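Residues per chain, in single letters:
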Amino acid sequence: PNNANVLTDLGVMYRRNGQYVEAVASFDKAAKIDPRHQQSRFNKGIVLLYDLKDEDGAIQAWEEVLAINPMASAPNGQTLREMLDGLIEAHKDHDH
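I will try to describe carefully the structure that is included in this document. (Residues numbered from 1 in each chain as written. Predicted model: local features only at pLDDT ≥ 70, side-chain atom pairs only at ≥ 80, totals over all residues. Heavy atoms only, no water.)

Focus: the overall build of the protein
- When helices and strands are counted, the protein shows five helices and zero strands.
- Secondary structure elements in the protein, listed N-terminal to C-terminal, are α-α-α-α-α.
- Against the globule reference of 12 Å for 96 residues, the protein gives a C-alpha radius of gyration of 13 Å, in line with a compact fold.
- Looking at the 96 residues of the protein, the share that counts as buried comes to 39%.
- Sequence-distant contacts, at least 24 apart, represent 45% of the contacts inside the protein between residues at least 6 apart. (Helix = DSSP H or I, 4+ residues; strand = E, 2+ residues; numbered from the N terminus. Rg over C-alpha atoms; globule rule 2.2 N^0.38 Å. Buried < 20%, exposed > 50% of the residue type's maximum accessible area, 1.4 Å probe, protein only. Contact = heavy atoms within 4.5 Å.)

Quick word on the packing of aromatic side chains
- One pass over the structure, following the stated rule, counts one aromatic pair.
- Centroid distance Phe 42 to Trp 62: 5.9 Å. Interplanar angle 15°. Geometry classified as stacked. Of this pair, Phe 42 sits in helix H3 (residues 38-51) while Trp 62 is found in helix H4 (residues 55-68), placing the two residues 20 residues apart along the sequence.
- Look at Trp 62 and you get buried, because its relative accessible area is 1%. (Phe/Tyr/Trp six-rings, centres within 6.5 Å; stacked < 30°, edge-to-face > 60°.)

Description of the packing of helix H1 (residues 4-16) against H3
- Running from N to C, H1 and H3 point in directions that differ by 15°, and their axes come no closer than 10 Å. Here H3 runs roughly parallel to H1, going by the angle between their axes. Viewed along their axes, H1 and H3 form a crossing whose handedness is left-handed. On H3, the residues touching Thr 8, Val 12 and Arg 15 of H1 are Gln 39, Ser 40, Asn 43, Ile 46, Val 47, Tyr 50 and Asp 51.
- Considered class by class, the residues forming the contact of H1 with H3 number four nonpolar, four polar and two charged. (Axes fitted to C-alpha atoms, helices over the stretch in contact; angles between N-to-C directions. Parallel < 35°, antiparallel > 145°, perpendicular 65-115°, else oblique. Left-handed = near helix turned anticlockwise from the far one by under 90°. Nonpolar A, V, L, I, M, F, W, Y, C, P; charged D, E, K, R; others polar.)

Some remarks on the nonpolar core
- Ranked by internal contacts, the top residues of the largest apolar core, which has 20 residues, are Phe 42, Trp 62, Leu 80, Met 83 and Leu 87.
- Put simply, the parts of the chain that give this core at least two residues each are helix H2 (20-33), H3, H4 and helix H5 (80-95).
- If we skip the residues at most four places from it in the chain, Phe 42 touches Trp 62, Val 65, Ala 74, Pro 75, Leu 80 and Met 83. (Core = buried A, V, L, I, M, F, W, Y, C linked by side-chain atoms within 4.5 Å.)

Some points on the environment of Leu 48
- Within the fold, Leu 48 resides in helix H3.
- The spacing of Leu 48 and Val 21 is 27 residues in sequence and 8.9 Å in space, taken between C-alpha atoms.
- Those residues in contact with Leu 48 that sit more than four places away from it in its chain are Val 24, Lys 53, Asp 54, Gly 57 and Ala 58.

Considering unusual backbone geometry
- If you check the backbone angles, Lys 53 has positive phi at about 55° while not being a glycine.
- Of note, Lys 53 is situated in the loop between H3 and H4.

Quick look at the environment of Ala 25
- With respect to the element layout, Ala 25 can be found in helix H2.
- With a relative accessible area of 37%, Ala 25 lands in the partly exposed category.
- Note: C-alpha distance between Ala 25 and Lys 44 (19 residues apart in sequence) is 8.8 Å.

This is the structure:
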């Protein structure tokens, strides 16, 4: 129960089951156990952005990852900084 990687995997399973709120809670637990855990925060941003449509929350989650590792990148190789900048740009457009 106190393993950040296991909790992150659990969050991924919740997401696969469509249990998005539970997924975010699991990622939050992982981040609390390991304050430098990047994957839990990255995944939290993904769920918030794509599943819960919470752009502000996603921006915050990814900013936390970049605070830990400014060179962080997504599994597809895109840098998280690029993803975040794109999200912030799109978010600005939605506000107008």
